[in-house]
Amino acid sequence: MEYFQIDINEDKWTIYLVEDHDDVVIAEGSAAETHFRNKEIHFRRGEITFLNVKHEMTHAYFGYLYLADTHGIGIEDMEEIVCAFVADRAQKILDASNAVYNTLKGIRDASKD
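Residues numbered from 1 in each chain as written. Predicted model: local features only at pLDDT ≥ 70, side-chain atom pairs only at ≥ 80, totals over all residues. Heavy atoms only, no water.

**Looking at helix 1 (residues 50-62)**
Defined as follows: Helix and strand definitions follow DSSP, with helices as H or I runs of at least four residues and strands as E runs of at least two, each counted in order from the N terminus. To estimate the expected span of a helix, subtract one from its residue number and multiply by 1.5 Å. Whether a residue is buried, partly exposed or exposed follows from its accessible area with a 1.4 Å probe, protein chains only, as a fraction of its type maximum: under 20%, in between, or over 50%, in that order. Arc, as used here, means the arc of the directions from the helix axis to the C-beta atoms. Contacts: residue pairs with any heavy atoms within 4.5 Å of one another.
Taking 1.5 Å of rise per residue, the 13 residues of helix 1 would be expected to cover 18 Å, and the 18 Å separating its terminal C-alpha atoms lies within 8% of that figure. Those residues of helix 1 lying buried are V53, E56, M57, A60 and Y61. Relative to the axis of helix 1, the buried residues are bounded by an arc of 140 degrees and lie together on one face. Contacts made by the buried residues of helix 1 are with strand 1 (2-8), strand 2 (11-18), strand 3 (32-35), strand 4 (40-44) and helix 2 (75-110).

As structure tokens, this is what we get:
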């Protein structure tokens with residue numbers, strides 16, 4: 001298993017590139033998983049796509065909204081939260097996703113040699 005670290009919201013996150021034989025569990029049918037509490041994202045080596053990376057990076061950034069305690073929130077309020085989040089963080093997420101994607105591809109391609 002190979003890994004590297006990035007900064008997200010001033011926290012160190014570890015990005016893992018995992019093989020099927022590694023001691024990391026990614027749900028059946030999933031290409032990756034984000035673990036907010038541990039500040040980790042695990043990607044399956046054979047399933048690295050830019051869409052998957054953007055998706056998991058969005059989970060990482062979205063976790064900082066701390067929405068777990070908002071069970072009574074209405075759809076209009078949630079829409080405002082999501083719109084503000086996208087307006088504020090979309091470019092950061094895309095920039096970070098590009099960096100993570102390129103690093104993962106580099107690690108994956110280097111190990112093919």
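**Some words on a negative patch on the surface**
Worth spelling out the cut-off: Residues enter patches when their relative accessible area tops 30% and they take part in no salt bridge; the joining distance is 9 Å for like charges and 5 Å for the nonpolar side chains Val, Leu, Ile, Met, Phe, Trp and Tyr. All accessible areas in this document rest on Shrake-Rupley with a 1.4 Å probe, and a residue is counted as covered only by the protein chains that are shown. We define a salt bridge as a side-chain nitrogen of Lys or Arg found within 4 Å of a carboxyl oxygen belonging to Asp or Glu. Only four residue types enter the charge count, namely Lys and Arg as positive and Asp and Glu as negative; His and the chain termini do not. By convention, the point assigned to a charge is CZ for Arg, NZ for Lys, CD for Glu and CG for Asp.
On the surface, a cluster of negative charge is made up of E76, D77, E79 and E80. Residue placement: E79 occurs in helix 2.

**Digging into the sheet that holds strand 2**
Condition: Note: two strands are recorded as paired if DSSP finds a minimum of 2 bridges between them. Axis definition: a line fitted to C-alpha atoms, limited for helices to the stretch in contact. Angles are taken between N-to-C directions and run from 0 to 180 degrees.
On the basis of which strands lie adjacent, the open sheet formed by four strands has the order 1-2-4-3 and mixed pairing. Of all the strands in the sheet, the pair left with one neighbour each is strand 1 and strand 3. Looking at each pair of strands side by side, their axes are set apart by 20 degrees on average, direction ignored. The pairing of strand 1 with strand 2 spans seven bridges and is classified as antiparallel. Bridge pairing in strand 2 places D7 opposite K12. Here helix 1 sits on the sheet and contacts strand 1, strand 2, strand 3 and strand 4; the angle it forms with strand 4, its principal contact strand, is near 165 degrees. On top of the sheet, helix 2 reaches strand 1, strand 2 and strand 4; it is set at about 170 degrees to strand 1, its chief contact.

**Considerations on the packing of helix 1 against helix 2**
Operational definition: Each angle gets one of four labels, with under 35 degrees taken as roughly parallel, over 145 as roughly antiparallel, 65 to 115 as roughly perpendicular, and the rest as oblique. Left-handed describes a crossing in which the near helix is turned anticlockwise from the far one by less than a right angle; the clockwise case is right-handed. Three residue categories are used. Nonpolar comprises Ala, Val, Leu, Ile, Met, Phe, Trp, Tyr, Cys and Pro, charged comprises Asp, Glu, Lys and Arg, and polar comprises the others, including Gly.
Packing of helix 1 against helix 2 leaves a shortest axis separation of 8 Å and a crossing angle of 130 degrees. Taken together, the axis directions place helix 1 and helix 2 in an arrangement best described as oblique. Considering how the two elements wind past one another, helix 1 and helix 2 form a crossing that is right-handed. Residues of the contact of helix 1 with helix 2, tallied by class, amount to 14 nonpolar, three polar and three charged.

**Quick look at the environment of I41**
Tracing the sequence through the fold places I41 in strand 4. Distance from I41 to S30, taken between C-alpha atoms, is 12 Å for residues eleven residues apart in sequence. When sequence neighbours within four positions are dropped, the list of residues in contact with I41 reads W13, T14, I15, Y16, E33, T34, E56, M57 and A60.

**Structural notes on the packing of aromatic side chains**
Stated formally: The criterion for an aromatic pair is that two Phe, Tyr or Trp rings (for Trp, the six-membered ring) have centres within 6.5 Å, with stacked assigned to planes under 30 degrees apart, edge-to-face to planes over 60 apart and tilted to the rest. Ring-over charges, as used throughout, are those where CZ of Arg or NZ of Lys falls within 6 Å of the ring centre and within 35 degrees of the ring normal.
Enumeration over the complete set of coordinates arrives at seven aromatic pairs. Their ring planes at 75 degrees and their centres at 4.9 Å tell us that F36 and Y64 sit as a pair that is edge-to-face. Taken together, the positions of F36 in the loop between strand 3 and strand 4 and Y64 in the loop between helix 1 and helix 2 put the pair 28 residues apart, joining distant regions of the chain. Its relative accessible area of 21% is what places F36 among the partly exposed residues. An aromatic cluster is defined as three or more aromatic residues linked by ring pairs; in this entry it consists of W13, F36, Y64 and Y66. Cation over ring: K39 sits above F36, and NZ or CZ is 3.8 Å from the ring centre.

What is shown is where atoms sit, not what they do.
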